[in-house]
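Below are the chains, spelled out letter by letter.
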Amino acid sequence: MVPIRQIMEALGAQVTYDSKTGLITVKRYTHTLMMKKDDTAVSYDGTPITLDVPVQVRNGRTFVPLRFVGENPGAKVTYLAATKTVALEAERVEDLLIDVLAETDPLVKRDKYLHILSLQPDNLTALKALSSLYYKDLSSPKEAIPYYEQIVVLESTNSSAFGSLGWAYYSDHQYQNAISAFAKYAALLPQDYQGYFGIAACYASFELNNVAKAKEYYQKALKLNMTTAAKQVAEKYLAEHP
């Protein structure tokens with residue numbers, strides 16, 4: 001029997017106790033353990049599990065079997081016979097994020113970031129890295145889209161993410177979605193030309209071919225400080241569609 005709070009907090013978990021119900025809750029990434037004092041019935045991610053011995057509380061500390069608390073929240077318990085000690089191993093997202101930085105193979109990096117997200121689906125560092133990896137290194141904007149979409153949900157004022165999402169949609173010929181993303185960018189940064197330029201590019205596409213709208217937004221973009229390349233694109237389109 002081991003004290004659950006000290007061990008699980010060392011593994012990066014959050015442990016809470018509800019004094020009204022006596023419910024002890026342990027959350028580690030996507031896993032949740034729920035238990036009560038003197039009870040052998042424990043819930044692990046909603047699945048009932050029966051312990052060999054009941055949960056015990058001694059001097060204000062909660063004790064449970066080591067193997068149960070180690071293996072169920074995504075950890076591994078190993079008995080070392082030579083030293084008669086028990087080793088508790090668990091992956092920590094913080095360590096995995098450091099490890100992936102040394103990786104140079106984009107496919108291996110992709111798999112490592114996907115693994116991190118399997119542990120912590122809302123990890124922004126992994127979401128941003130993975131979306132960029134798909135879009136830039138793997139030339140797969142379609143694969144990048146779900147991760148950009150998650151980012152803008154978590155960071156609703158992240159103009160850069162809306163811009164990247166817009167171009168990912170554009171590359172995948174999802175022009176209406178791209179227009180919505182670029183419009184959000186323009187609303188967040190009205191003095192930046194890129195939102196208007198992106199909307200114009202969508203309307204100028206072969207599929208939409210809305211000349212009036214394309215001209216309207218290229219003209220809006222031209223009123224702002226544009227890069228030379230973007231300015232040339234806008235001016236060329238307007239010259240070809242007087």
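Computed from a predicted structure; not experimentally measured.

## Description of the environment of A221
Relative to the helices and strands, A221 is located in helix α10 (residues 211-222). Each C-alpha atom, one on A221 and one on P190, is 10.0 Å from the other, the two residues being 31 residues apart in sequence. If we skip the residues at most four places from it in the chain, A221 touches Y193, Y196, F197 and M226.

## What about the sheet that holds strand β1 (residues 2-3)?
Pairing is antiparallel across the open sheet formed by three strands, whose spatial order is β1-β8-β7. The strands lining the two open edges of the sheet, one partner per strand, are β1 and β7 (56-58). With two bridges joining them, β1 and strand β8 (residues 61-64) adopt antiparallel strand pairing. Residue pairing for β8: V2 is matched across the bridge by V64.

## Remarks on the pattern of salt bridges
Counted under the stated rule, the structure contains eight salt bridges. Note that K142 and D172 form a salt bridge whose closest N and O atoms lie 3.4 Å from each other. Here the residue K142 occupies a position in helix α6 (residues 141-154), and D172 occupies one in the loop between α7 (159-171) and α8 (175-188), the gap between them amounting to 30 residues. When the shortest N-O distance is used, the salt bridge between E216 and K220 registers 3.8 Å.

## What to know about the packing of helix α9 (residues 194-203) against α10
Across the interface, α9 lies against α10 with an axial gap of 8 Å and an inter-helix angle of 160°. On the basis of the axis angle, α9 is roughly antiparallel to α10. In the crossing of α9 with α10, the sense of the turn from one axis to the other is left-handed. Packed against α9, whose contacting residues are Y196, F197, I199, A200, A201 and Y203, the element α10 presents K213, A214, Y217, Y218, K220 and A221 at the interface.

## Some remarks on the environment of D39
Structurally, D39 can be placed in the loop between β4 (31-36) and β5 (41-44). The class for D39 is partly exposed, based on a relative accessible area of 29%. As a C-alpha pair, D39 and L51 span 12 residues in sequence and 8.4 Å in three-dimensional space. Sequence-distant contacts of D39, defined by excluding residues within four places in its chain, comprise L51, P54 and V55.

About the thresholds
Residues numbered from 1 in each chain as written. Predicted model: local features only at pLDDT ≥ 70, side-chain atom pairs only at ≥ 80, totals over all residues. Heavy atoms only, no water. Helix = DSSP H or I, 4+ residues; strand = E, 2+ residues; numbered from the N terminus. Contact = heavy atoms within 4.5 Å. Pairing = 2+ DSSP bridges. Salt bridge = Lys/Arg side-chain N within 4 Å of Asp/Glu carboxyl O. Axes fitted to C-alpha atoms, helices over the stretch in contact; angles between N-to-C directions. Parallel < 35°, antiparallel > 145°, perpendicular 65-115°, else oblique. Left-handed = near helix turned anticlockwise from the far one by under 90°. Buried < 20%, exposed > 50% of the residue type's maximum accessible area, 1.4 Å probe, protein only.

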